[in-house]
Amino acid sequence: MSNRSQPPLRLVLVRSDQHDPHLNLAVEERLMERVSADGRESAFLYLWQNEHTVVIGRHQNPWAECRVSLLEDEGGHLARRGSGGGAVYHDLGNLNFSIVTPRRLHDPARSSRMIVEAVRMLGVEAELSGRNDILAEGRKFSGNAFLLTALAGLHHGTLLIKTDFGSVSRYLSVSKAKLEAKGVASVRSRITNLTDLQPDVNVEDACRALAAAFAKEYGDPDTAEPVMEEIGFASFQDGQCAELRSRNASWGWRLGRSLPFQVSMETRFPWGIVRIDFQLENGQVAGQELFSDMLDPDLPTLLTDCF
């Protein structure tokens, strides 16, 4: 039976026509501010692509996760997102999706089910694995991360469609402990493109499948054809978005401070890797910094406050 205590959820599709990671992440943040901006709850499906980019999680150490100098010397971009999780490589063979809902509707199990359904529409059988991966035939084609604010919930991730895996190996410095935990020798051996499973799949196919699965999952069950509006990407090019883009591109946001540490300790837990770098002076700890690929973007800050 339908719940009529709430008006029907407004479904909105937004598709970026830019490949600038700092701008695309700024628009994603703006969407999280707009889930109930006009007095009616909205859910957004945001589709975007970055070109030649490594994106790291909120509390990761860029120098440990990425060959930063090599990437930038070869015209690439390093970006940092607001959610937790690990580093990923983006090119135009990869499609990024963001599912933005009011906080009360945020449910990673539900949104992950939507992604599995979209991929099934493309002819690929998939399954959820571990804390944030989606696999097909035992290999990962989608990594996912999550973020909650006071108003909104975000589930965003990647769909590897025809990504250049040579670049993945070239620019990412994946922890040996993480690879051992996955039972593989290299990052290349644990990932796959959807085109390896269905050669005819392309980015446009994936966009259509995601839109259909999103409408089916979040649309009014009493409506035969859920209505989904589309907002042009240009409508987000305002001063506030420009400020967020400027912050995202800044050295401080992307690279942060780097201690001249003398001791580094790293341990892998079931929920992620934690590394702490210590700066020592006269035999005492003078500073420390914590890095992690855990999915919870707030916990590293809480742990740091305990030092």
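First, a word on what this report is: a plain description of the structure on this page. Keep in mind that this is a model prediction, so the values were computed, not measured.

Once that is clear, we can look at the overall build of the chain. When helices and strands are counted, the chain shows 10 helices and 14 strands. Within the chain, the proportion of its 307 residues that are buried is 52%. Within the chain, contacts between residues separated by at least 24 positions form 71% of all contacts whose residues are at least 6 apart in sequence. With the model as given, the accessible surface of the chain reaches about 14400 Å², and the carbon-plus-sulfur share is 50%.

With a phi angle near 50°, His 52 is a residue other than glycine that sits in the positive phi range. Tracing the backbone through its elements, the reader meets His 52 in the loop between strand S2 (42–48) and strand S3 (53–56). Overall, His 52 belongs to the buried group, its relative accessible area being 18%. The backbone of Glu 137 shows a phi angle near 50°, a positive value even though the residue is not glycine. Position of Glu 137 relative to the elements: it lies in the loop between strand S8 (133–136) and strand S9 (139–148). For Glu 137, a relative accessible area of 72% corresponds to the exposed category.

This part is about the environment of Trp 253. Following the sequence through the fold, Trp 253 ends up in helix H9 (residues 251–254). Here the alpha-carbon distance between Trp 253 and Ala 79, two residues 174 residues apart in the chain, equals 8.5 Å. Excluding residues that lie within four positions of it along the chain, Trp 253 makes contacts with Arg 58, Arg 80, Arg 81, Arg 247 and Asn 248.

Okay, the nonpolar core next. Grouped together as the largest cluster of nonpolar side chains are 34 residues, with contacts concentrated most on Leu 45, Leu 95, Met 114, Leu 159 and Leu 210. For this core, the secondary structure elements donating two or more residues are strand S1 (10–15), S2, strand S6 (94–102), helix H4 (108–121), S8 and helix H7 (203–218). If you tally residues by element for this core, the top one is H7, at 10 residues. Counting 23 residues, the second largest nonpolar core, distinct from the first, contains Ala 26, Val 27, Phe 44 and Ile 231.

This part covers the pairing of S1. Buried residues dominate S1, accounting for five of its six residues. With six bridges joining them, S1 and S2 adopt parallel strand pairing. Directly across from Arg 10, in S2, lies its bridge partner Ser 42. For the crossover that starts at S1, traverses helix H1 (residues 21–32) and ends in the parallel S2, the hand is right-handed. For S1 and strand S11 (residues 228–231), the ladder comprises four bridges, and the chain directions are parallel. Bridge assignment links Val 14 to a residue of S11, and that residue is Ile 231.

All right, on to the sheet that holds S8 then. Within a beta sheet, neighbouring strands are joined by backbone hydrogen bonds and run either parallel or antiparallel to one another. The eight strands are arranged S7-S8-S9-S10-S6-S2-S1-S11 in an open sheet whose pairing can be described as mixed. Edge positions in the sheet fall to strand S7 (127–129) and S11, since each of these pairs with one other strand and no more. Between one strand axis and the next, the sheet turns through 25° on average, direction left out of account. When S7 meets S8, the two strands line up antiparallel, connected through three bridges. The residue of S8 that forms the bridge with Leu 128 is Ile 134. This element, H1, spans S1, S2, S6, S9 and strand S10 (152–160) of the sheet and lies at about 175° to S2. Against the sheet, H7 contacts S1, S2, S6, S10 and S11, and its axis sits at roughly 15° relative to S6.

Cut-off values and rules
- Residues numbered from 1 in each chain as written.
- Predicted model: local features only at pLDDT ≥ 70, side-chain atom pairs only at ≥ 80, totals over all residues.
- Heavy atoms only, no water.
- Helix = DSSP H or I, 4+ residues; strand = E, 2+ residues; numbered from the N terminus.
- Buried < 20%, exposed > 50% of the residue type's maximum accessible area, 1.4 Å probe, protein only.
- Contact = heavy atoms within 4.5 Å.
- Areas by Shrake-Rupley, 256 points an atom, 1.4 Å probe, with all protein chains shown as cover.
- Core = buried A, V, L, I, M, F, W, Y, C linked by side-chain atoms within 4.5 Å.
- Pairing = 2+ DSSP bridges.
- Right-handed = clockwise from strand over helix to strand, strands pointing away.
- Axes fitted to C-alpha atoms, helices over the stretch in contact; angles between N-to-C directions.

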